[in-house]
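Overview (structure and organization)
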Number of protein chains: 2
Amino acid sequence: MEEELASETEDVDALIRSAGLRITKQRQAIARVLLDSGDHPDAEEVLERARDEDASVSQATAYRTLAVLAEKGLLDTHTFDGGVTRFELSDRPHHDHMIDIESGKITEFVSSEIEKLQREIARRHGYEIVAHRLELYCRKIDPS
Amino acid sequence: MEEELASETEDVDALIRSAGLRITKQRQAIARVLLDSGDHPDAEEVLERARDEDASVSQATAYRTLAVLAEKGLLDTHTFDGGVTRFELSDRPHHDHMIDIESGKITEFVSSEIEKLQREIARRHGYEIVAHRLELYCRKIDPS
DNA sequence: CTCCTAGTTGCAACTCATTCTCAGGAGCCT
DNA sequence: AGGCTCCTGAGAATGAGTTGCAACTAGGAG
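Just so it is clear, the model here is predicted, and its values are computed rather than measured. (Residues numbered from 1 in each chain as written. Chains lettered and ligands numbered in written order. Predicted model: local features only at pLDDT ≥ 70, side-chain atom pairs only at ≥ 80, totals over all residues. Heavy atoms only, no water.)

**What about the packing of helix H2 (residues 25-36) of chain A against helix H4 (residues 59-71) of chain A?**
All names here are of chain A. It is at 10 Å that the axes of H2 and H4 come closest, and there the two elements cross at 60°. Classified by the angle between their axes, H2 and H4 sit oblique to one another. At the point where H2 passes H4, the crossing takes the right-handed sense. Touching Gln26, Arg27, Ile30 and Leu34 of H2 are Thr61, Ala62, Thr65, Leu66 and Leu69, all from H4. Along the lines of polarity and charge, the residues of the contact of H2 with H4 split into 5 nonpolar, 3 polar and 1 charged. (Axes fitted to C-alpha atoms, helices over the stretch in contact; angles between N-to-C directions. Helix = DSSP H or I, 4+ residues; strand = E, 2+ residues; numbered from the N terminus. Parallel < 35°, antiparallel > 145°, perpendicular 65-115°, else oblique. Left-handed = near helix turned anticlockwise from the far one by under 90°. Contact = heavy atoms within 4.5 Å. Nonpolar A, V, L, I, M, F, W, Y, C, P; charged D, E, K, R; others polar.)

Laid out in structure tokens, this is it:
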């Protein structure tokens, strides 16, 4: 079994069906990219990777499919620092992001303490939190 | 003294000079808008308001001036939920934002506790925080 | 297995925020 | 006042993302 984390076809199809979409080879290529990605690719990167599996995937289909998956809540979207929209499967545990401003490297983290404080602050203002965005733009601590 | 918080010309000019720019009537109009705004206008809104004072301000000048002020650190920028870029003077105390997803109303808040936790998390990963973005997307708690 | 149709696709044209180009205008130092 | 730069408005250009459209196809009905 020397597979390189190539996701099973059943997972791929399940993701597409969850969004209420028909199974097509273009969507399978896109879904597989998302299932196999551990990072946060943008639409162009998803398109590029999907074309490795099926060269016929068009830009329009990539954008359209990503939009539907995001709308159905199957994908989370991020626009770090006003850049392009990046995607990530939403079936994973919640987390926030730390962005290395020098390398662009993204580290994920969670803090139940911060989450709790957020809910308290919102309640104090008469609100309940529907979603939140917490991004830390950081620099490696110079060890000198 | 029935002024409607019309900022003094000296403040307006000081802001422009701080950015290393020459004083022009277009920039004065833009700077005055920023000094008089308590909200988070985007470039088009700044342009529209600036034209009340000087109808000759062009879109290009609005974008250019805002870009320089932001670059010099005199303005903070926000792109709530992947929308357009919004501006706000940065000489005010630090704060984060709570966005009412139904009305679009923005409430500002601060939490030194959250800030402290953020620094701790970053340090644990070998980073120091250069900037951060914390946005809470909320809904009014239904009192029913 | 074939048919049929609503759902899909690629392509190119389009939108919209933002940036750039350029030729004519104006600060401001002296 | 002179003039070297910096600025300006108009419009063209850019780039991410969207959409119209005619051809194509998934997949349920028969």
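**Topic: the relation of the copies chain A and chain B**
For the match of chain A to chain B, the screw axis carries a shift of 0.0 Å, the RMSD comes to 0.1 Å, and the turn is 180°. Given the turn and translation reported, the copies of this chain are related as if by a two-fold rotation axis. Rotation axis and chain A: the residue whose C-alpha lies nearest the axis is Leu134 of chain A, separated from it by 2.2 Å. Most of the interface of chain A is mirrored in chain B: 100% of its interface residues are interface residues there too. (Least-squares fit on C-alpha atoms with pLDDT ≥ 70 in both.)

**Thoughts on the interface of chain A and chain B**
Taken residue by residue, the interface counts 32 residues in chain A and 32 residues in chain B. Regarding the contact of chain A and chain B, the summed buried area is about 3,200 Å², with carbon and sulfur atoms giving 65% of it. As a salt-bridge pair, Glu135 of chain A and Arg133 of chain B come within 3.2 Å of each other at their nearest N and O atoms. If you look at where chain A meets chain B, you find 16 residue pairs in polar contact (both at pLDDT 80 or more). Contributions of two or more residues to the side of chain A that touches chain B are made by strand S3 (96-100), strand S4 (106-109), helix H5 (112-124) and strand S5 (127-140) of chain A. Among the residues forming the side of chain A that touches chain B, the class breakdown is 16 nonpolar, 8 polar and 8 charged. Pairing analysis gives 13 bridges linking S5 of chain A to strand S5 (residues 127-140) of chain B, with the strands arranged antiparallel. Bridge pairing in S5 of chain B links Ile129 of chain A to Cys138 of chain B. (Buried area = accessible area lost by both parts, 1.4 Å probe. Salt bridge = Lys/Arg side-chain N within 4 Å of Asp/Glu carboxyl O. Polar contact = N/O pair within 3.5 Å; in protein donor to acceptor, adjacent residues only side chain to side chain. Pairing = 2+ DSSP bridges.)

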